[in-house]
Amino acid sequence: MIATIQYNSRKLKINLKQPIDISMPIRGSKDNVNAWYVGEPKIEPHTEDDWVASVEQGASVNFNNISFNPHAHGTHTETVGHITKEVHSINKNLKQFFFLAEVITVAPETFNDDRVISKKQIQFALGNKKRDALVIRTIPNTREKLSRQYSNTNWPYLQADAVEFLVKKGIKHLLIDLPSIDKEKDGGELLGHNAFWNTKGKLRLDATITEFIYVSNKIEDGEYFLNLQIAPFENDATPSKPILYKTISS
């Protein structure tokens, strides 16, 4: 299934039979990826008195309750409502789901006692390319990311001027394989989030940040189309399933 896409003045082809999933699933397990000092997700049968909604335990159906936090427990996409008093729902503000994206790989640099992704690194990786979305894979990149417990680890983050550069480049959708684009403990400043959504000016309501992705080492850096699939939660953030399609020709 080869699709030809007219993108501005370019014609690009993708193979719809070769989707590349860069999401992390949510599992009801202590081994599920985790951040922000909360317990693991819970996926368990609904119970009423002695009745347990599990076929294994005698019920006619499996009927599970699920308890999780989208920010802490897996791939999620968020809107500016994550940091504003006014409620801005991801379901109401994300209305387009297909974007031209660039995948880049970055080795965070040492800055004081932190590891950071700098403006210089982003500039070098993107060059003069014009993209709607940017997918950032950090190294080292191992499958341990799928189950890492991130709380109190001071993970790498994007410096504010790097985020400001992305906004000037026209990046509307930023995806990263970390719990946040900001420092774990920054006193609530959230410099990257505020810069990306332009909270000091006209809010970028149609811009999104997707965190906790996993980009396998088998995926090459370069140009892709991104299908940003979300669950229809009326919330600032929702579990999501970003899918990449490698461009075949241009």
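Going by the annotation in an unreviewed UniProt entry, the name recorded for the chain is Cyclase family protein, with Neotamlana sargassicola given as the source organism.

K.L.:
Would you explain helix α2 (residues 119-126) in this entry?
P.N.:
Since the α-helix turns once every 3.6 residues, residues separated by three or four places project in the same direction. Considered for burial, the residues of α2 that qualify are Q121, I122 and L126. Buried residues along α2 cover an arc of 115° about the axis, so they all sit on one side. In α2, those exposed residues whose orientation departs by more than 90 degrees from the buried face are K120 and F124. Residues of α2 that are buried make contact with β9 (98-106), β10 (109-111), β11 (114-117), β12 (133-138), β13 (157-158) and α3 (160-168). Note on α2: the residue one or two positions beyond its end, G127, has a positive phi of about 60°.

K.L.:
What's the story with the environment of L12 in this structure? I'm lost.
P.N.:
Along the chain, L12 turns up in strand β2 (residues 10-15). C-alpha of L12 to C-alpha of I248: the two residues are 236 residues apart in sequence and 6.9 Å apart in space.

Cut-offs applied
Residues numbered from 1 in each chain as written. Predicted model: local features only at pLDDT ≥ 70, side-chain atom pairs only at ≥ 80, totals over all residues. Heavy atoms only, no water. Buried < 20%, exposed > 50% of the residue type's maximum accessible area, 1.4 Å probe, protein only. Helix = DSSP H or I, 4+ residues; strand = E, 2+ residues; numbered from the N terminus. Arc of directions from axis to C-beta. Contact = heavy atoms within 4.5 Å.

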